[in-house]
Amino acid sequence: MAEGMGRERTILGVSWNVFLLGIVSFLNDMSSEMIAPVVPAYLTDVLNAGKLAGGSIMGAIESASSLFKVLFGYFSDRFRRRKAFVFTGYALSTASKALLAFSRGWFDFLLLRLLDRTGKGIRTAPRDALIAESSNGKTGKSFGFHRMMDTLGAVAGPLVAVLLLGALAYLPRETLYRRIFLLSAIPGLLSLVIIVLLLKDRGGEVKRKVAGVSALRNRSLRLFLVVVAIGTLGRYSYAFTLWKAQELGYTLLQSSSFYALFNLIYALSAYPVGLYSDRVSKKGLIGAGFLLSALASLCFAFARGLALLLMAFVLYGLYMAVMDTVPRAYMAELAGDHEKGTVIGAYHTVVGVFAFPASLIAGYLWGAHSLTYSFLFASAMAFIAFLLLLFD
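Residues numbered from 1 in each chain as written. Predicted model: local features only at pLDDT ≥ 70, side-chain atom pairs only at ≥ 80, totals over all residues. Heavy atoms only, no water.

Q: Let's hear about the packing of helix H13 (residues 282–302) against helix H15 (residues 326–334): which residues, and what values?
A: It is the contact of H13 with H15, at a shortest axis distance of 9 Å, that shows an interaxial angle of 155 degrees. Judged by the inter-axis angle, H13 sits roughly antiparallel to H15. Handedness of the crossing formed by H13 with H15: left-handed. Only Val326, Pro327, Ala329, Tyr330 and Glu333 of H15 make contact with H13, whose side of the interface consists of Lys282, Lys283, Leu285 and Ile286. Split by residue class, the contact of H13 with H15 holds 6 nonpolar, no polar and 3 charged. (Axes fitted to C-alpha atoms, helices over the stretch in contact; angles between N-to-C directions. Helix = DSSP H or I, 4+ residues; strand = E, 2+ residues; numbered from the N terminus. Parallel < 35°, antiparallel > 145°, perpendicular 65-115°, else oblique. Left-handed = near helix turned anticlockwise from the far one by under 90°. Contact = heavy atoms within 4.5 Å. Nonpolar A, V, L, I, M, F, W, Y, C, P; charged D, E, K, R; others polar.)

Q: Got a sec to walk through the side chain of Asn28? Specific residues and values, please.
A: Among the secondary structure elements, Asn28 is positioned in helix H1 (residues 16–35). Classification of Asn28 as buried rests on a relative accessible area of 4%. Those residues in contact with Asn28 that lie beyond four places of it in its chain are Tyr90, Ser93, Lys97 and Arg123. (Buried < 20%, exposed > 50% of the residue type's maximum accessible area, 1.4 Å probe, protein only.)

Q: Mind laying out a nonpolar patch on the surface, listing which residues take part and the relevant values?
A: A surface patch of nonpolar side chains, amounting to about 480 Å² of accessible area, comprises Leu295, Leu298, Phe302, Leu308, Met311 and Leu376. Of all the secondary structure elements, the ones that give two or more residues to the nonpolar patch are H13 and helix H14 (306–323). In terms of residue count, H13 provides more of the nonpolar patch than any other element does, 3 residues in total. Structurally, the position occupied by Leu295 is in helix H13. (Patch = residues over 30% accessible without salt bridge, like charges linked within 9 Å, V, L, I, M, F, W, Y side chains within 5 Å. Areas by Shrake-Rupley, 256 points an atom, 1.4 Å probe, with all protein chains shown as cover. Salt bridge = Lys/Arg side-chain N within 4 Å of Asp/Glu carboxyl O.)

Q: Can you lay out the packing of aromatic side chains for me, pointing to particular residues and giving the numbers?
A: Counted under the stated rule, the structure contains 18 aromatic pairs. Ring geometry for Phe258 and Phe313: centres 5.6 Å apart, planes at 15 degrees, overall stacked. Pair noted here: Phe258 is in helix H12 (residues 252–277) and Phe313 is in helix H14, with a separation of 55 residues, a long-range link. What makes Phe258 buried here is its relative accessible area of 8%. Relative to Phe313, the ring of Phe300 lies with its centre 5.1 Å away and its plane at 85 degrees, an arrangement referred to as edge-to-face. You can see Phe300 sitting in helix H13 and its partner Phe313 sitting in helix H14, a full 13 residues away along the chain. Just as Phe300 is buried, Phe313 falls in that class too. (Phe/Tyr/Trp six-rings, centres within 6.5 Å; stacked < 30°, edge-to-face > 60°.)

So, in structure tokens, the structure goes:
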């Protein structure tokens, strides 16, 4: 935190703002993950998208938000107001998920999912900058808490989806999916109420510094972003893990349970990882994250039964706990107080841009060969990133 800024009161060891943003992310991710288990099946079974098209659409969805993250991070730095961007982003996402209930083709689906990701692009960098400004000097702890709450929502979401899939099983499949899309808007609306009534801006309290060189001009940081880009080529959409489970003969309900396990591991690991990252080299821990990614992808590639598939989901959860927590804290610490939104946004943009070819390549390899090749390619990219970071 910048000098002269007062320390916020704390709750559960984090500042009030970080706690509130954790609750907001819990509710929003519950909303998102309520539909996550059914989206791949809805895309391929109801909208009849092929394998390459499915991979391309999921990749485009994951990448769309990247086009806006650095831009809106910069705007939030310039205007010193994060809350308006955070609210707008979450509002767009909430509306887009509910409107999926009325989609009639893959193009409608794509536009609405792009709107959801646009909302994410608007809110992510300003929100992360607000977390950094409210962290009382413990960025790893604050981002770890936020990712834990975000992912607990991701645990709750699929479990709610499982309950809904069971309770509404009497409905025709297409109607069932659309009903879940509508119900997913409820927790999203609650998160908007919290933002409006309780969240406080901190950017205006930061003294702007116009002198000095931006962290983005640092050669080491730019090389780090290159390594992140390479590693992200192995960051396929979560949909591929569900398609893998279904390929092995598991039902949509069972696949949703595997996805809930992944998110549980992620949630339980994120906060300890964040705490640990404040005591050790964050860059080294990021390297360990790439290695976990490589191992998880190998397990998915060679899984032929329950044991190795479960191991894959566990490793995937540990990998995401590291890579969705530590790099944010690392970038926040490198950035000056006047450019946290821009620098964090640059990281998110790199990840988002390269997430699209990652899923596109995975979809092509799946259609041309098999999912095994998709996961092997992802493992190779993650291992190369690990080696580059190890010897940097």
